[in-house]
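Coordinate analysis (summary)
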Amino acid sequence: GDSVTQMEGPVTLSEEAFLTINCTYTATGYPSLFWYVQYPGEGLQLLLKATKADDKGSNKGFEATYRKETTSFHLEKGSVQVSDSAVYFCALSESSGGTSYGKLTFGQGTILTVHP
Amino acid sequence: NAGVTQTPKFQVLKTGQSMTLQCAQDMNHNSMYWYRQDPGMGLRLIYYSASEGTTDKGEVPNGYNVSRLNKREFSLRLESAAPSQTSVYFCASSDRVGYGYTFGSGTRLTVV
């Protein structure tokens, strides 16, 4: 079945540092890929997405590129802020026509803490 | 405001008690989902409803039942709560593949 593997956390950075959170996946077909963010005490919010190979999703200074050859979707940000402290989840959704139509499979989440 | 509404936000149950978690969305989405979130395990799918009138098991359905009452509402029932069901439960909805989910704010359930 489909699976998503994220880098082990937690990740602790100083403000303005460069962020990378690795994400690799296993799936049949051509999944859509997502990054979600969860702030303390809240539900998950969609951060960015990519629906086909070589697409780059971006939002709020975060970027991730859909790399089919390496089955990866790593999250990056050039300069993190204290307000970016949250849990980040990588996820995939099977392409339409599959038996798991629309369902998201999540990675285990990576806790990011940014210090001033 | 448009979105997914879950009730209650917090609940404490004794082992063996039953309860229903409510979820409603006002975005006219076809698909709805129930996940549970446990430390270090990400989110695991309990049940989902691809469209009104259909429900299917997810990864961890044991001990739960669901009802898709209409297009807007999708409830999750625990018939006989167990401590292993202590978790945070999230409801979500979606319209099409590739567009992601909209999540509710969650229900924190403790079973003692």
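Refer to the structure printed above.
Residues numbered from 1 in each chain as written. Chains lettered and ligands numbered in written order. Predicted model: local features only at pLDDT ≥ 70, side-chain atom pairs only at ≥ 80, totals over all residues. Heavy atoms only, no water.

Topic: the sheet that holds strand S9 (residues 75-77) of chain A
Residue and element names in this part refer to chain A.
- Spatially, S3-S9-S8-S7 is the arrangement adopted by the four strands of the open sheet, whose pairing is antiparallel. Of all strands in the sheet, those with a lone pairing partner are strand S3 (19-21) and strand S7 (56-59), marking the two edges. In this sheet, neighbouring strand axes are inclined to one another by 15° on average, regardless of whether the strands run parallel or antiparallel.
- In terms of strand pairing, strand S8 (residues 62-65) meets S9 through three bridges, oriented antiparallel. If you follow Phe62 over to S9, its bridge partner there is Lys77. (Pairing = 2+ DSSP bridges. Helix = DSSP H or I, 4+ residues; strand = E, 2+ residues; numbered from the N terminus. Axes fitted to C-alpha atoms, helices over the stretch in contact; angles between N-to-C directions.)

Quick word on the pairing of strand S12 (residues 110-115) of chain A
Residue and element names in this part refer to chain A.
- Only one face of S12 is buried, namely the one carrying Thr110, Leu112 and Val114, since none of Ile111, Thr113 and His115 on the opposite face is buried.
- Here four bridges tie strand S2 (residues 11-14) to S12, and the two strands are oriented parallel to one another. Residue pairing across strands places Val11 opposite Leu112, the latter belonging to S12.
- Relative to S12, strand S10 (residues 86-93) is paired through three bridges, and the arrangement is antiparallel. Across the sheet, the residue bridging to Ala86 is Leu112, located in S12. (Buried < 20%, exposed > 50% of the residue type's maximum accessible area, 1.4 Å probe, protein only.)

Here we look at the packing of aromatic side chains
- Counted by the stated rule, this structure contains 15 aromatic pairs over all chains.
- Look at Phe34 of chain A and Tyr36 of chain A: their rings are 6.2 Å apart centre to centre, the planes differ by 40°, and that puts the pair in the tilted class.
- Using a relative accessible area of 0% as the deciding quantity, one classes Phe34 of chain A as buried.
- Pairwise contacts between aromatic rings join Phe34, Tyr36, Phe89 and Phe106 of chain A together with Tyr33, Tyr35, Tyr48, Phe90, Tyr101 and Phe103 of chain B into one cluster. (Phe/Tyr/Trp six-rings, centres within 6.5 Å; stacked < 30°, edge-to-face > 60°.)

With respect to the interface of chain B and chain A
- Each partner contributes residues to the interface: chain B has 18 residues there, and chain A has 23 residues.
- Taking both partners together, chain B and chain A bury about 1600 Å²; carbon and sulfur atoms supply 60% of that area.
- Between chain B and chain A we count zero salt bridges in total.
- There are four residue pairs in polar contact (both at pLDDT 80 or more) connecting chain B and chain A. (Contact = heavy atoms within 4.5 Å. Buried area = accessible area lost by both parts, 1.4 Å probe. Salt bridge = Lys/Arg side-chain N within 4 Å of Asp/Glu carboxyl O. Polar contact = N/O pair within 3.5 Å; in protein donor to acceptor, adjacent residues only side chain to side chain.)

Describing the pattern of salt bridges
- If you walk through the whole model with that rule in mind, you get six salt bridges over all chains.
- A salt bridge links Lys52 of chain A to Asp55 of chain A; the nearest nitrogen and oxygen atoms lie 3.3 Å apart.
- Its relative accessible area of 21% is what places Asp55 of chain A among the partly exposed residues.
- When the shortest N-O distance is used, the salt bridge between Arg36 of chain B and Asp38 of chain B registers 2.9 Å.
- Since its relative accessible area comes to 8%, Arg36 of chain B is described here as buried.

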